[in-house]
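These are the residues of each chain, in order.
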Amino acid sequence: MSPSRSIVHKLSPSIENAMADMLEIIDRKDDLASSYFADNDLIAIGALKAFKLRGYKVPEEISVIGFDNISESRIIEPALTTMDVPRLYIGQTAAKILIEQVQTKRIYPTKIEISAKIIKRFSH
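Parameters and conventions
Residues numbered from 1 in each chain as written. Predicted model: local features only at pLDDT ≥ 70, side-chain atom pairs only at ≥ 80, totals over all residues. Heavy atoms only, no water. Phe/Tyr/Trp six-rings, centres within 6.5 Å; stacked < 30°, edge-to-face > 60°. Helix = DSSP H or I, 4+ residues; strand = E, 2+ residues; numbered from the N terminus. Buried < 20%, exposed > 50% of the residue type's maximum accessible area, 1.4 Å probe, protein only. Right-handed = clockwise from strand over helix to strand, strands pointing away. Pairing = 2+ DSSP bridges. Patch = residues over 30% accessible without salt bridge, like charges linked within 9 Å, V, L, I, M, F, W, Y side chains within 5 Å. Areas by Shrake-Rupley, 256 points an atom, 1.4 Å probe, with all protein chains shown as cover. Salt bridge = Lys/Arg side-chain N within 4 Å of Asp/Glu carboxyl O. Axes fitted to C-alpha atoms, helices over the stretch in contact; angles between N-to-C directions. Contact = heavy atoms within 4.5 Å. Expected span 1.5 Å × (residues − 1). Arc of directions from axis to C-beta.

### A few points about the packing of aromatic side chains
Here is step 1 of the chain: Across all of its chains, the model carries three aromatic pairs by this definition.
Here is step 2 of the chain: Where F37 meets F67, the ring centres are 6.2 Å apart and the plane angle is 70°; that geometry is what we call edge-to-face. Taken as a pair, F37 in strand 1 (residues 35-37) and F67 in strand 2 (residues 63-67) lie far apart in primary sequence, 30 residues in all.
Here is step 3 of the chain: Its relative accessible area of 53% is what places F37 among the exposed residues.

### Side note on the pairing of strand 2
Here is step 1 of the chain: Along strand 2, four of the five residues are buried, which leaves the element largely enclosed by surrounding structure.
Here is step 2 of the chain: Assessed by its sense of winding, the connection that carries the chain from strand 1 through helix 2 (residues 41-53) to strand 2 is right-handed.
Here is step 3 of the chain: Here strand 2 pairs with strand 3 (residues 81-84) via three bridges, running parallel. Each bridged residue has a counterpart across the sheet, and for F67 the counterpart in strand 3 is M83.

### A closer look at a nonpolar patch on the surface
Here is step 1 of the chain: Taken together, Y89, I90, I112 and I114 make up a surface patch of nonpolar side chains, about 340 Å² in accessible area.
Here is step 2 of the chain: Tracing the backbone shows I112 in the loop between helix 4 (87-104) and strand 4 (117-119).
Here is step 3 of the chain: On the accessibility criterion, I112 (44% relative accessible area) is partly exposed.

### Some thoughts on the sheet that holds strand 4
Here is step 1 of the chain: Taken in spatial order, the four strands of this open sheet run 1-2-3-4, and their pairing is mixed. In the strand order of this sheet, the two ends are held by strand 1 and strand 4, each with one partner. Pairs of neighbouring strands in the sheet enclose a mean axial angle of 20°, with direction left out of account.
Here is step 2 of the chain: Across three bridges, the pairing between strand 1 and strand 2 is parallel. Looking at strand 2, one finds that F37 is bridged to I65.
Here is step 3 of the chain: Each of strand 1, strand 2 and strand 3 is contacted by helix 2, which is oriented at about 160° to strand 2, the strand it contacts most.

### Here's the deal with the environment of M83
Here is step 1 of the chain: Note that M83 resides in strand 3.
Here is step 2 of the chain: Spatially, the C-alpha atoms of M83 and Y108 are 29 Å apart, while their sequence positions differ by 25 residues.
Here is step 3 of the chain: Leaving out residues up to four positions away in the same chain, M83 has contacts with F37, G66, F67, D68, N69, A116, K117 and I118.

### A short note on helix 1 (residues 15-27)
Here is step 1 of the chain: Here helix 1 contains 13 residues, and its C-alpha end-to-end distance of 18 Å stays within 8% of the 18 Å for a straight helix at 1.5 Å per residue.
Here is step 2 of the chain: Residues I15, A18, M19, M22, L23, I25 and I26 constitute the buried set of helix 1. Viewed along the axis of helix 1, the buried residues span an arc of 160°, placing them on a single side of the element.
Here is step 3 of the chain: Just downstream of helix 1 lies K29, where phi reads positive at about 65°.

What follows is the structure, encoded as structure tokens:
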């Protein structure tokens, strides 16, 4: 979907604060999207909880997808659909590049693509 047709809400990066932010958005009667993709699972879980508290059916009325596949995403109801990323590998790769740049005193812009995989659960 083009950014001009997207609905974007900025939520705090914790379950409790993301839930409070989304409750405020719902209570103000701001436009809501039919589906949300969150920057991480904590934000997605907070939004999901807010939707449920205000009577929305997830995923029938609003779907939510997270990013990072934390353990809490399995136990929330409904279980959160999320993107699984190899966090350990990402950290090791970043550390390796940083160490190399410190040792050689040469800083080169580096772009690395690392695949993610969707974990389909019940929130979408």
